[in-house]
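Descriptive structure summary
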Amino acid sequence: MRPKAGIGISRGKAAALLRGLLQRLAVFVFLLVLMSVLPRLLPGDALDVLMDSDVQRDLQESERSALRDQLGLGGTLIEQVGRDLMRLLRGDFGYSHLHGAPVSRLLADALPWTALLIALATPIFLGVGVIFGIEAGRRPGARLDRIITTAMSLLASVPPFVTAMALLLCFAILWPILPTGGAEPLFPAEAPWPHAREIARHALLPACALALHEVVRYFFVVRGEAAGLSRRAFVINARSRGISGWRERRDYYGRNLLPVICARLSQSVATLFTASLFVEVIFSYPGVGSLTYQAVLDRDYALLQGAIAVLAALVLSLNWIFDALTDILAHRG
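Residues numbered from 1 in each chain as written. Predicted model: local features only at pLDDT ≥ 70, side-chain atom pairs only at ≥ 80, totals over all residues. Heavy atoms only, no water.

**Quick word on the overall build of the protein**
Selection rule: Strands are runs of DSSP state E lasting at least 2 residues, helices are runs of H or I lasting at least 4, and numbering of each runs from the N terminus. A simple rule labels every residue: compare its accessible area, found with a 1.4 Å probe on the protein chains alone, to the largest value its type can have, and call it buried under 20%, exposed over 50%, or partly exposed in between. Throughout, a residue-residue contact means that at least one pair of heavy atoms, one from each residue, lies within 4.5 Å. Areas reported here follow the Shrake-Rupley algorithm with a probe of radius 1.4 Å; residue values treat only the protein chains shown as occluding.
Looking only at helices and strands, one finds 12 helices and 2 strands in the protein. Tracing the protein from N to C terminus, the helices and strands come up as α-α-α-α-β-β-α-α-α-α-α-α-α-α. When burial is assessed residue by residue, the protein has 37% of its 333 residues classed as buried. A separation of at least 24 residues holds for 74% of the contacts in the protein among residues at least 6 apart in sequence. Of the roughly 18700 Å² that the protein leaves accessible, carbon and sulfur atoms contribute 66%.

**Here's the deal with a nonpolar patch on the surface**
Test applied: Residues form patches when they are more than 30% accessible in relative terms and have no salt bridge. Like charges link within 9 Å. Nonpolar side chains (Val, Leu, Ile, Met, Phe, Trp, Tyr) link within 5 Å. Salt bridge, as used here, is a side-chain nitrogen of Lys or Arg placed within 4 Å of a carboxyl oxygen of Asp or Glu.
Together, Phe30, Leu34, Leu38, Leu41 and Leu77 give the surface a local cluster of nonpolar side chains, amounting to about 450 Å² of exposed area. Among the secondary structure elements, phenylalanine 30 is positioned in helix 1 (residues 2-37). The class of phenylalanine 30 is exposed, set by a relative accessible area of 52%.

**Focus on the environment of alanine 14**
Here alanine 14 shows up in helix 1. A residue is classified by how much of its surface remains accessible, and alanine 14, at 44% relative accessible area, is partly exposed. Counting along the chain gives 310 residues from alanine 14 to alanine 324, while the straight-line C-alpha distance between them is 9.6 Å.

**A look at the confidence of the model for the protein**
The following threshold applies: A residue's pLDDT is the confidence the predictor assigns to it, expressed on a 0 to 100 scale.
For the protein, mean pLDDT is 82; residues scoring 70 or higher make up 86% of the total. Counted against residues more than four places away or in other chains, residues 1-9, with its pLDDT under 50, gives 0 contacts.

**Some thoughts on the packing of aromatic side chains**
Filter applied, for reference: Paired rings are identified among Phe, Tyr and Trp, the last through its six-membered ring, by centres lying within 6.5 Å, and are further divided according to the angle between planes into stacked (under 30 degrees), edge-to-face (over 60) and tilted (the rest). Consider the ring centre and the ring normal. A charge sits over the ring if Lys NZ or Arg CZ is within 6 Å of that centre and within 35 degrees of that normal.
Within this structure, the stated rule accounts for 5 aromatic pairs. Taking the centre distance of 6.0 Å and the plane angle of 45° together, the rings of phenylalanine 171 and tryptophan 175 count as tilted. You can call tryptophan 175 exposed: its relative accessible area is 53%. Taking the centre distance of 5.0 Å and the plane angle of 75° together, the rings of phenylalanine 219 and phenylalanine 220 count as edge-to-face. For phenylalanine 219, a relative accessible area of 0% translates into the label buried. The ring of tyrosine 218 is capped by arginine 264, whose NZ or CZ atom sits 6.0 Å from the centre of that ring.

**A word on helix 6 (residues 143-156)**
Selection rule: One less than the number of residues in a helix, times 1.5 Å, gives the span that helix is expected to have. This arc corresponds to the set of directions leading from the helix axis out to the C-beta atoms.
The end-to-end C-alpha distance of helix 6 is 20 Å, a good match for the 20 Å that 14 residues give at a rise of 1.5 Å each. Of all the positions in helix 6, only Asp145, Ile148, Thr149 and Met152 are classed as buried. Seen from one end, helix 6 has its buried residues packed into an arc of 100°, which puts them on one side. Structural note: helix 6 exposes Arg143 and Leu154 on the side pointing more than 90 degrees away from its buried face. Those residues of helix 6 hidden inside the fold are in contact with helix 5 (103-138) and helix 8 (192-230).

**Some words on the nonpolar core**
The condition that has to hold: For our purposes a nonpolar core is just a set of buried Ala, Val, Leu, Ile, Met, Phe, Trp, Tyr and Cys residues, chained together by side-chain atoms within 4.5 Å.
Among the nonpolar cores identified, the biggest contains 61 residues, and Leu107, Phe125, Leu210, Tyr253, Leu257, Phe283 and Leu303 are the most heavily contacted of them. Only helix 5, helix 6, helix 7 (160-174), helix 8, helix 9 (233-240), helix 10 (245-282), helix 11 (288-298) and helix 12 (301-330) provide two or more residues apiece to this core. Broken down by element, the residue count for this core peaks at 13 residues, all from helix 8. When sequence neighbours within four positions are dropped, the list of residues in contact with leucine 257 reads Ile134, Val222, Glu225, Ala226 and Leu229. Ranked by size, the runner-up nonpolar core spans 7 residues in total, among them Leu85, Leu88, Ala309 and Ala312.

**Brief notes about the pattern of salt bridges**
Tallied over the entire structure, the rule returns 9 salt bridges. A salt bridge links glutamate 135 to arginine 249, with the shortest nitrogen-to-oxygen separation between them at 2.4 Å. A residue pair is termed long-range when its members are at least 10 positions apart, and glutamate 135 in helix 5 and arginine 249 in helix 10 qualify at 114 residues. For arginine 249, a relative accessible area of 21% corresponds to the partly exposed category. Here arginine 223 and aspartate 145 are joined by a salt bridge, their closest N and O atoms 2.8 Å apart. A residue pair is termed long-range when its members are at least 10 positions apart, and arginine 223 in helix 8 and aspartate 145 in helix 6 qualify at 78 residues. Within this structure, Arg247, Arg250, Asp251 and Arg255 form a network of salt bridges that share partners.

**Description of unusual backbone geometry**
A positive phi angle, near 50°, is found at serine 284, a position not held by glycine. Take serine 284: its relative accessible area is 52%, and that puts it in the exposed class.

Below you can see the structure in the form of structure tokens.
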């Protein structure tokens, strides 16, 4: 009978994962429709923004109509949304006339820079948030807990864009040890390792700004869970047997906090991609966030829809993966 129970549980988990995947696919399609409709509801005309120039000639109504059809702006709102949706579902992101390049190429150039920031920020906020959360939660109410919790509470009260500007002011202007913006120098080094160091120096401040955006949330989540673990019998028994230091933190706190950390990661993915927008704008970083911001200002529908489609696909996919990993860790043993 035990093998049947195991098969039943496995099928139940597989069904739950499939339901989660289907729900995310439905959300993805809904986002595509929403991002096709909302920009077109903004006041003004996207064609006027595109044709805004001091040297443009006056176009006849027939010429404007032909140009509108060529840019995919002709027809009713439902017809335009239908064309956008079918094009995106085919994997065709369209062409950005303002940038003079296919949207897929623009996104392929920008996405690695955003991925680099998130890859650098993730170990920073995980390390700081988890370590400080465990240290504060091991002995709730102690002096160390009060000091760390007060500092994190003050940091939580500062808006993220203010934190990013403070980092820029301190470490790039008043104490200029890091670049003020961009992803690489104007004249990058030709050798691979020096070039990699230059890229890392340019990415450090934006990555720290992203990390500070999440470190406070991880701290409070981990501290609460660690405080609960400190009252558990197996932790009290371990301390009575003289277990402390690194072994206590790793085996009795770290391993039991893994499901909580992974569950929080699934929420952090969307937050990091959202936070990258203002971080990249502040630091003039050429990622997807700054590209999306510029697309909103320029009414570049094709670029905006392509960026949202790629980001939504990445966020929903990673969210589903982390949820599956959390479920596996929560039911281990």
